[in-house]
Amino acid sequence: MADEKKTTHYVYMVRCRDNSLYTGWTTDVSARVATHNSGHGAKYTRSRLPVSLVYTELCCDTSSALKRERAIKALSRAQKEALCKSWEGRTP
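Now for a quick tour of the structure.

Rules behind the numbers
Residues numbered from 1 in each chain as written. Predicted model: local features only at pLDDT ≥ 70, side-chain atom pairs only at ≥ 80, totals over all residues. Heavy atoms only, no water. Pairing = 2+ DSSP bridges. Helix = DSSP H or I, 4+ residues; strand = E, 2+ residues; numbered from the N terminus. Axes fitted to C-alpha atoms, helices over the stretch in contact; angles between N-to-C directions. Contact = heavy atoms within 4.5 Å. Phe/Tyr/Trp six-rings, centres within 6.5 Å; stacked < 30°, edge-to-face > 60°. Buried < 20%, exposed > 50% of the residue type's maximum accessible area, 1.4 Å probe, protein only. Lys NZ or Arg CZ within 6 Å of the ring centre and 35° of its normal. Arc of directions from axis to C-beta. Polar contact = N/O pair within 3.5 Å; in protein donor to acceptor, adjacent residues only side chain to side chain.

Digging into the sheet that holds strand β2 (residues 21-26)
- If you walk across this open sheet you meet the 3 strands as β2-β1-β3, and the pairing is antiparallel. Edge positions in the sheet fall to β2 and β3 (52-59), since each of these pairs with one other strand and no more. Pairs of neighbouring strands in the sheet enclose a mean axial angle of 20°, with direction left out of account.
- Sheet analysis places strand β1 (residues 9-15) next to β2, joined by 6 bridges and oriented antiparallel. Directly across from Arg-15, in β2, lies its bridge partner Leu-21.
- Relative to the sheet, helix α1 (residues 29-37) contacts β1, β2 and β3, its axis offset from that of β1 by approximately 35°.
- Against the sheet, helix α4 (residues 77-87) contacts β1, β2 and β3, and its axis sits at roughly 85° relative to β3.

Listed below in structure tokens is the structure:
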């Protein structure tokens, strides 16, 4: 049996031009941010361009990424900002 490539999953947050935060999940953070900035990402970000990456978190599979995305979206603005601050200076 051939080795299967293991896919990595990430939850990410981007800061929009209006300083709002958008949370999503992806398997390729750089490509996803580029998609948002090209105007082909989520409807929410299309009118708030450009976006900049402010947080990523590695997840083990799609299910855990979706659960973590939902959990982050439920956080208060202050809690989301604290996550972003803890991530400052890191690269995805």
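Quick look at the packing of aromatic side chains
- Counted by the stated rule, this structure contains 2 aromatic pairs.
- Ring geometry for Tyr-12 against Tyr-22: centres 6.4 Å apart, planes inclined by 50°, an arrangement best described as tilted. With Tyr-12 in strand β1 and Tyr-22 in strand β2, this residue pair connects regions lying 10 residues apart in the sequence.
- Since its relative accessible area comes to 17%, Tyr-22 is described here as buried.
- Summarising the aromatic geometry, the rings of Tyr-22 and Tyr-44 are spaced 6.1 Å apart at their centres and angled 20° between planes, so their arrangement reads as stacked. Linking Tyr-22 in strand β2 with Tyr-44 in helix α2 (residues 43-46), this pair joins segments that are 22 residues apart in sequence.
- When its relative accessible area of 32% is taken as the criterion, Tyr-44 is described as partly exposed.
- Here the aromatic cluster, defined as three or more aromatic residues joined through ring pairs, consists of Tyr-12, Tyr-22 and Tyr-44.
- The lysine or arginine in question, Arg-48, covers the ring of Tyr-44, its NZ or CZ lying 3.8 Å from the ring centre.

What about α1?
- Of the positions making up α1, those classed as buried are Val-29, Val-33 and His-36. The buried residues of α1 occupy one face: seen down the axis, they fall within an arc of 55°.
- Looking at the packing, one finds that the buried side of α1 touches β1, β2, α2 and β3.
- For α1, the N-terminal cap is Asp-28; the gap from its side-chain oxygen to the backbone nitrogen of Ser-30 is 3.4 Å.

Observations concerning the pairing of β2
- With respect to burial, β2 is a largely interior element, 5 of its 6 residues being buried.
- Hairpin connection from β1 to β2: 5 residues lie between these consecutive antiparallel strands, with Asn-19 at a positive phi of about 75°.

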